[in-house]
Amino acid sequence: AGKSTLIKALVDVGARYLSDEFAVIDQAGLVHAFPRELALREPEPHTVPLERLGWVALTPPLPAPVSAIYHLSYKTDARWHVSPVTRGEAILFLFENAIAAQGLGNSGLQWLDVATRGASAFRGVRGEAVGAAARILSNCRGC
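Quick notes on the rules
- Residues numbered from 1 in each chain as written.
- Predicted model: local features only at pLDDT ≥ 70, side-chain atom pairs only at ≥ 80, totals over all residues.
- Heavy atoms only, no water.
- Helix = DSSP H or I, 4+ residues; strand = E, 2+ residues; numbered from the N terminus.
- Rg over C-alpha atoms; globule rule 2.2 N^0.38 Å.
- Buried < 20%, exposed > 50% of the residue type's maximum accessible area, 1.4 Å probe, protein only.
- Contact = heavy atoms within 4.5 Å.
- Areas by Shrake-Rupley, 256 points an atom, 1.4 Å probe, with all protein chains shown as cover.
- Lys, Arg positive; Asp, Glu negative; His and termini not counted.
- Charge placed at Lys NZ, Arg CZ, Asp CG, Glu CD.
- Core = buried A, V, L, I, M, F, W, Y, C linked by side-chain atoms within 4.5 Å.
- Salt bridge = Lys/Arg side-chain N within 4 Å of Asp/Glu carboxyl O.
- Polar contact = N/O pair within 3.5 Å; in protein donor to acceptor, adjacent residues only side chain to side chain.
- Phe/Tyr/Trp six-rings, centres within 6.5 Å; stacked < 30°, edge-to-face > 60°.

**Looking at the overall build of the protein chain**
- Counting its regular elements, the protein chain contains six helices and seven strands.
- For the protein chain, the N- to C-terminal ordering of α and β elements is α-β-β-β-β-α-β-β-α-α-α-β-α.
- Rg of the C-alpha trace for the protein chain: 15 Å, near the compact-globule value of 15 Å for 143 residues, within the 12% margin.
- Once the C-alpha set of the protein chain is aligned to its principal axes, its extents read approximately 45 × 35 × 25 Å.
- Counting across all 143 residues of the protein chain, residues that qualify as buried make up 33%.
- Nonlocal contacts in the protein chain, meaning residues at least 24 apart in sequence, comprise 67% of its contacts between residues at least 6 apart.
- For the protein chain, the accessible surface area stands at approximately 8,600 Å², while carbon and sulfur atoms represent 56% of it.
- With 14 positive and 13 negative side-chain charges, the protein chain shows a spacing of 6 Å between the two charge centroids.

**Structural notes on the nonpolar core**
- In terms of nonpolar packing, the biggest core is built from 30 residues, with Leu6, Leu10, Tyr17 and Trp55 touching the most fellow members.
- Taken together, the elements giving at least two residues each to this core come down to α1 (3-12), β3 (38-40), α3 (87-96) and α6 (129-138).
- Take this core: its biggest share by element is five residues, from α1.
- Those residues in contact with leucine 10, other than ones at most four positions away along the chain, are Ala15, Ala133, Ile136 and Leu137.

**Digging into the side chain of arginine 126**
- One can find arginine 126 in strand β7 (residues 120-126).
- No salt bridge forms around the buried arginine 126; measuring N to O, its nearest opposite-charge neighbour glutamate 128 is 6.1 Å away.
- A polar contact is formed between the side chain of arginine 126 and the backbone oxygen of glycine 2, at a distance of 3.1 Å.

**A word on the environment of valine 13**
- If you trace the backbone, valine 13 turns up in the loop between α1 and β1 (24-25).
- The sequence separation of valine 13 and leucine 137 amounts to 124 residues, and the corresponding C-alpha distance is 8.0 Å.
- Discounting residues that sit within four places of it in the chain, valine 13 has contacts with Ala133 and Leu137.

**A closer look at the packing of aromatic side chains**
- Enumeration according to the criterion identifies four aromatic pairs in this entry.
- When the centroid spacing of 5.1 Å and the interplanar angle of 40° are considered together, the rings of tyrosine 17 and tryptophan 55 count as tilted. Of this pair, tyrosine 17 sits in the loop between α1 and β1 while tryptophan 55 is found in the loop between α2 (50-53) and β5 (68-74), placing the two residues 38 residues apart along the sequence. Exposure class is identical for tyrosine 17 and tryptophan 55. Each is buried.
- Ring centres 5.1 Å apart and planes at 75° place the aromatic pair phenylalanine 22 and phenylalanine 34 in the edge-to-face group. Of this pair, phenylalanine 22 sits in the loop between α1 and β1 while phenylalanine 34 sits in the loop between β2 (31-32) and β3, and the two are 12 residues apart along the sequence.
- Its relative accessible area of 46% is what places phenylalanine 22 among the partly exposed residues.

As far as function goes, none of this settles anything; it's purely spatial.
Structure below.
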């Protein structure tokens, strides 16, 4: 819950936009953009074209492997409560949500392994997107 809102907050504080839904990871572990309209719920459900936000999806792929992985749950009025996890746990989080990688079996796991080498990984709960975005960006190299 709240992925698009968090992505908007991240871009607003300086992150580069790739997608708010999917990450496309190639065999070299590089992440490619998968741009689409932003689906926001506030003040009421609506979609916003990227051009209206003044955003341009990053091309070519990120020039380096992933630097940070966050597996966050959104809870209204929650405080930031995030703990480090192992890279193996992070790969499992990603694999659970990677439909295409699941179909590839060991190859999918290998791509995720390459993509996450050197990445910091965290799991936890976040509150509002603006505060979370600042914390995430402070821990991100090349965002």
